Structure formats: C-alpha cells, structure tokens
Amino acid sequence: MKIKVELSGGLELLFNKIKTHEITFDDKKSIPLKDLIIWMKDNLLTERENLFIVDGTVRPGILVLINEADWELYGGIGYDVEDGDNIIFISTLHGG
Amino acid sequence: MANTSELAVCGVNDHEDEGNEFMTVNKVAKKDRHKICYKCRDINQKLIILFRNEAYCKTCYIDLIRKKFKPNLAKCRDASRPSRESENVVIALSGGTSSNVMLELIYQNTTNAQKSKLFFKGNCVYIDESSIYPNLKKDDIEVYLKKQCNLYGYPLTIIPLENIFGDNPENREHRVKMLKESVESFSSQTSREDISIFYREQLLRKCALELKAKRVIFGTSSVSLATKVFSLASKGRGFTLPNEVSISNQTEVGGDSIIFNQPMKEFILKEIYIYSRNVIGDLPTQFSSWNAPAKQSLNTLCEDFVHTLQDISSQTVYTLLRSADKLVTPTLDNNFYCSLCYCHLSTHDINHINSIKNVKSTNSNNNNNNNNCCSDNSSCSTTSTTNNSCCSTNNNNNQLSNDTLCYSCRILVKENRNPNLVLPKYIYENSKSILTTAQLKNEIKDFLLDDNDD
C-alpha cells in the first residue's frame, strides 16, 4: 500500500522541514492510524517527539485530516489507513 | 473507507414507543448522521467536517461559516451609524490562519456579499515582531499578506514593533536595541510575551487613531480566548477578564475611544483550519523553528491545557467561554486605566490614587527614575533632537508610578532585572496624566456640585 502524509502549520519543522512524505508499506493492505503515527515517530520524526506524540496518539492541538476530511468523521485514532489515503497533520498550536 | 452511499438516514420518530428497538434504531440514526450532510442531505457530497456533532459537506460548511460570522461582524459596527455608511476599521493581521480566515470572511460579508452587505472600510495592519522573534519568517508573511490584501482590495500597513519607541527612520537600530532591552529585561518568558502583546496593542491603538478608525478587529479564535480565561486568571488579571474575552472591549483614553472586537469568538481552531484549507489554501509557516514547548510560559502552558481538555471533551471551549460571559467587570471610571496595559483599574486602585495628596511624593518605580534611555551617549545625541526620539521625554517625565498600574502589571514590572530600563514614552505619559487628573480632581472636589443637588 502507498499513502501520502502531509505536515503543516509548523509541524514539518519536526520532520526535517519536509512537508510531504510518500510512504509505501509493501507487506500491508491497511495500517491502523495509531500504528502509522508510531511508525512516523520512529522513522520520520527528527526532533522532540513529545511535540508530536503524547500517550500513543497525536498531541492535543494537532488537527488530523483524512483525505481532506475531519478525522472525527472516520473514528479518529481508530481509523484504518488504506492504500491511496492522504493523511494530513496540521499544528494549530501557538498560531492565530 | 466507508462508502457514504451505502447508508441511509433512519427516521427515529416511528419507533418512539418500541422500547429496546427504539434504542437500537436511535444508535443507528446517530451513527448514520455522520455519513450524510446535515444541511443538503445529498449522499453524493463528500463530508469534510464534524461541526458541533453534525457532519457537513464542503459547500454547506463554507456557507455555514460565512453565515455564522456575519452576526458577529455586525456587532463590530457602530449601531448609531446609518447601515449603508461605511465605518473605518483596522483589521489586525498576525499572518496566522485565524486572522487570514477572518480577513476572507470580512471580504465575503462586505465587498463580495450578494445581499445584506455590511459596510466597512477595512485597513489591514500587520505588526512586525521579527526584532524580538528572530525565527519569525517575516519576509514570507509580508509577501503573503500583501498578496491577500491586494486580492481583497484592502490597504496594508506594516508597522515594526520597535516603533513603540518612535518612528524616526534614522534611529531604527537604536530603537530595535531599546525594544530588545525592554523585553529581555523581564525575568520570565510569560512577562516578555505579555509586554510584547501590550506594545503590539498600543501600536494598533495608535494606528487606529491615525487612520481615524474607532475599532480594531482581531482574529482571536475561541480556543485562544478560552486559553485567556485561564492565563489571565493565573496572572492576576481576573478583574479585566470579562472585558478581554468578550466580543467587544472598549478602552477610552484621553477622550479617544478605541474598541477591540473579536468576531472569530464563535469558532474553534479545527473549524478555522478546515475552512482555511478549503477556501484560502496553504499559508506560509510563521516560524523557521519550533519555538514553543508547552512549559515555555504560562500562556503556552494554558494553551496546551485547553487543547488537552478540548481533546477529552469537545464542549470544553464553549463551556469556558459561556462561563466567562457570565462574569461582569464592575462599572468603571474611564479616567483610571493601567498606564501599561490600558485595562481598567479596580475600585481599590482608584481609591488609592484619589487618596494621593501630592503627585511628586508618589512611589515611583525605582527602575525608571530619570534614567537615560540610551546606554551609549553617542546614540543618544543623535536621537534627542527629534520629537520621535526615545530621549525626548527624559529627565523629569520618565517616572512611572506603580499606583497607576493594575495589579498584574505591578507584578510584571517587579520582574524587571535591568535598573536602567526605559519603557516606551506612552507609559510615562499615561502615568503622569492619571496622577495629574486625580490630583486636580482632589483639589476641586469640595467645589463640585453633586448631580443630585438642585
């Protein structure tokens, strides 16, 4: 499966300043969003993981969109990411 | 991903008296309502947001936000003006998502409105704080704001924060140095953030007066206001809390009335960001490095706390703001305001000022007595010849009486570590004006007629 992860609102600064990441999982047809976040922490995050992940989920104040839609429409952290999905993480912290 | 067209909306009314069956159907109905747009009910429309527990498609959501914003914007108008007469307002832009969305919403409800247009003459103002926040991507923000303001047809004014010490272009470097000294002399990051906010607000106030506008409109979201409820209370600013989190906060200084409006009060950040993504598109990143861990200051800590609570219960922000709306600041005397932050002084503070017999005998802030504003004399000699000079009010006028500060600002000023600190001129002028007014009133109070006397 191949998915796209977008980071914005300053969050990309924690991921080596790269805004878009194309991720391929050869051995999977879907992956729980919770596991994807852990995978991102282990493989993409370059600094201060506590600014992205807290208690196994994204830090409060980080907005998650699944294919441009609010993740709450899809069950939030319980969503299973599928092939072709676009997961967007936007930091709403300290902006305005 | 679930296919929206596979699910239909269930009517629950037909099952009201069927006990357990009703419960099951009701659960299904609740689940299904997140699969179809609450407004248009078109199963082919892709949903983009769960807004106050109802799902909306893109078109309906954009329409909803514009309609929800309109009554709040209408509250930012002077009710005594004829409805078709344009009111001059300052639109404060920070370069962030909330203020950019506000700008777009103002445009949609004024210039671009097909019907029931609101009449505003907007002047956008951006306060450039790059001199104290070096990682602020000033150039990117300015280019973007110029483009947006051009698009919407609003003039943009960019004011550097160092202009709080005057606007003479010849001594810019000196003013930047003074601003840095002024901010960095406070021991805690909370105080540094607060003092920069006061300076920013003062520049906006001054700019509004120059533009003959009586209002400054901010893009403060409900999450930021809920954060303020906690942070203001924690900093001893409880007295002014109801004013600062209300949609309209009026300050009257020396006969000039300026109202700060916050029409984005209804919207949480999720709603603002999703609207922005669907209507405005990508915004430039404001900072070149992540600069704010949660424990950096009281303000960021409170913000993190509100986000955590909001994550646990989506009603947190609304509940906090509804509670704050029930608070009322007592009726106040407009002659008495804090010299630094312009909030109203409490009755206790006013009584104390009124009891002062002689202005000269007041306890002045020891850190600010007749200090030279410039640490190096060469710089001072170049600036003292102009009216805008930081030195123009030196000597007898550079006295800040702690009596003319609110409780919280008194604590803030105590944190100053620099014995040679000089604050912007307006603070000393305010302090002097308040004390002089109080003393003059004291001197003539025996000759004043009571309103109730015939």
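Residues numbered from 1 in each chain as written. Chains lettered and ligands numbered in written order. Predicted model: local features only at pLDDT ≥ 70, side-chain atom pairs only at ≥ 80, totals over all residues. Heavy atoms only, no water.

- Chain B carries the name Cytoplasmic tRNA 2-thiolation protein 2 in an unreviewed UniProt entry, which gives Tieghemostelium lacteum as its organism.
- Quoted verbatim from the Function (unreviewed entry) heading of the UniProt record, the comment on chain B is "Plays a central role in 2-thiolation of mcm(5)S(2)U at tRNA wobble positions of tRNA(Lys), tRNA(Glu) and tRNA(Gln). May act by forming a heterodimer with NCS6/CTU1 that ligates sulfur from thiocarboxylated URM1 onto the uridine of tRNAs at wobble position."
- Under the heading Sequence similarities (unreviewed entry), UniProt records this for chain B: "Belongs to the CTU2/NCS2 family." (UniProt positions renumbered as here; feature names shortened; annotations may be inferred.)

- The name an unreviewed UniProt entry assigns to chain A is Ubiquitin-related modifier 1 homolog, from the organism Tieghemostelium lacteum.
- Database annotation for chain A, UniProt heading Subcellular location (unreviewed entry): "Cytoplasm".
- Quoted straight from UniProt, the Sequence similarities (unreviewed entry) entry for chain A says "Belongs to the URM1 family."

1. Details of the overall build of chain B
Thinking step 1. Looking only at helices and strands, one finds 15 helices and eight strands in chain B.
Thinking step 2. By the burial criterion, 52% of the 454 residues in chain B qualify as buried.
Thinking step 3. Sequence-distant contacts in chain B: of pairs separated by 6 or more residues, those separated by 24 or more amount to 73%.
Thinking step 4. Accessible area of chain B: about 21,900 Å², with a carbon and sulfur share of 49%. (Helix = DSSP H or I, 4+ residues; strand = E, 2+ residues; numbered from the N terminus. Buried < 20%, exposed > 50% of the residue type's maximum accessible area, 1.4 Å probe, protein only. Contact = heavy atoms within 4.5 Å. Areas by Shrake-Rupley, 256 points an atom, 1.4 Å probe, with all protein chains shown as cover.)

2. Description of helix 15 (residues 425-444) of chain B
Thinking step 1. For helix 15 of chain B, spanning 20 residues, the distance from its first C-alpha to its last is 29 Å, which sits close to the expected 28 Å at 1.5 Å a residue.
Thinking step 2. Taken together, the buried positions of helix 15 of chain B are occupied by Tyr426, Ile427, Tyr428, Asn430, Ser431, Ile434, Leu435, Ala438, Gln439 and Asn442 of chain B. (Expected span 1.5 Å × (residues − 1).)

3. Side note on the packing of aromatic side chains
All names here are of chain B.
Thinking step 1. Taken as a whole and judged by the stated rule, the model has 13 aromatic pairs over all chains.
Thinking step 2. With a centroid separation of 4.8 Å and an interplanar angle of 35 degrees, the aromatic rings of Tyr107 and Tyr152 are classed as tilted. Of this pair, Tyr107 sits in helix 3 (residues 97-109) while Tyr152 sits in helix 4 (residues 138-152), and the two are 45 residues apart along the sequence. Here Tyr107 and Tyr152 have matching classes, each one buried.
Thinking step 3. On the basis of an interplanar angle of 10 degrees and a centroid distance of 6.0 Å, the ring pair of Tyr342 and Tyr426 is categorised as stacked. Of this pair, Tyr342 sits in the loop between helix 11 (316-325) and helix 12 (347-355) while Tyr426 is found in helix 15, placing the two residues 84 residues apart along the sequence.
Thinking step 4. A relative accessible area of 5% means that Tyr342 is categorised as buried.
Thinking step 5. Put simply, the rings of Tyr38, Phe51, Tyr56 and Tyr61 pair up and form one aromatic cluster.
Thinking step 6. Arg205 extends its terminal NZ or CZ atom over the ring of Tyr342, reaching a point 3.9 Å from the ring centre. (Phe/Tyr/Trp six-rings, centres within 6.5 Å; stacked < 30°, edge-to-face > 60°. Lys NZ or Arg CZ within 6 Å of the ring centre and 35° of its normal.)

4. Description of the interface of chain B and chain A
Thinking step 1. Contacts between the two partners involve 35 residues from chain B, matched on the other side by 35 residues from chain A.
Thinking step 2. Put simply, chain B and chain A have five salt bridges between them.
Thinking step 3. One salt bridge connects Lys270 of chain B with Glu72 of chain A, and the closest N-O pair in it is separated by 3.1 Å.
Thinking step 4. Our count for the contact surface shared by chain B and chain A stands at nine residue pairs in polar contact (both at pLDDT 80 or more).
Thinking step 5. Mapped onto the side of chain B that touches chain A, the elements with two or more residues apiece are strand 1 (47-51), helix 3, helix 9 (269-279) and helix 10 (298-312) of chain B.
Thinking step 6. Ranked by the residues each element gives to the side of chain B that touches chain A, the list is headed by helix 10 of chain B, at six residues.
Thinking step 7. The class makeup of the residues in the side of chain B that touches chain A is 15 nonpolar, 13 polar and seven charged. (Salt bridge = Lys/Arg side-chain N within 4 Å of Asp/Glu carboxyl O. Polar contact = N/O pair within 3.5 Å; in protein donor to acceptor, adjacent residues only side chain to side chain. Nonpolar A, V, L, I, M, F, W, Y, C, P; charged D, E, K, R; others polar.)

5. Concerning the nonpolar core
Thinking step 1. Ranked by internal contacts, the top residues of the largest apolar core, which has 97 residues, are Leu36, Phe52 and Phe89 of chain A together with Tyr61 of chain B.
Thinking step 2. Top contributing element to this core by residue count: helix 2 (residues 58-74) of chain B, with seven residues.
Thinking step 3. Each of two domains, domain 1 (4-57) and domain 2 (60-325) of chain B, supplies a minimum of three residues to this core.
Thinking step 4. Residues contacting Tyr61 of chain B, with those up to four places away along its chain left out, are Ile48, Ile49, Phe51, Tyr56, Glu271, Ile272, Ile274 and Tyr275 of chain B.
Thinking step 5. In terms of nonpolar packing, the next biggest core, distinct from the first, is built from 51 residues, Ile132, Leu204, Cys207 and Leu400 of chain B among them. (Core = buried A, V, L, I, M, F, W, Y, C linked by side-chain atoms within 4.5 Å. Domains from an automatic or database assignment.)

6. What about the pairing of strand 1 of chain B?
All names here are of chain B.
Thinking step 1. Along strand 1, five of the five residues are buried, which leaves the element largely enclosed by surrounding structure.
Thinking step 2. Note that strand 1 and strand 2 (residues 54-57) share four bridges and pair antiparallel. Its bridge partner being in strand 2, Leu47 is matched across the sheet by Cys57.
Thinking step 3. The hairpin turn running from strand 1 into strand 2, its antiparallel successor, is two residues long, and Arg52 in that turn takes a positive phi close to 50 degrees. (Pairing = 2+ DSSP bridges.)

7. Observations regarding the sheet that holds strand 9 (residues 86-91) of chain A
What holds strands together in a sheet is hydrogen bonding between their backbones, with the strands either parallel or antiparallel.
All names here are of chain A.
Thinking step 1. An order of 2-1-9-6-7 is seen for the five strands of this open sheet, with the pairing classed as mixed. Looking at which strands have only one partner, the edges of the open sheet turn out to be strand 2 (20-24) and strand 7 (69-70).
Thinking step 2. In this sheet, strand 9 lies alongside strand 1 (residues 2-8) in parallel orientation, the contact comprising five bridges. Paired with Val5 across the bridge in strand 9 is Ile87.

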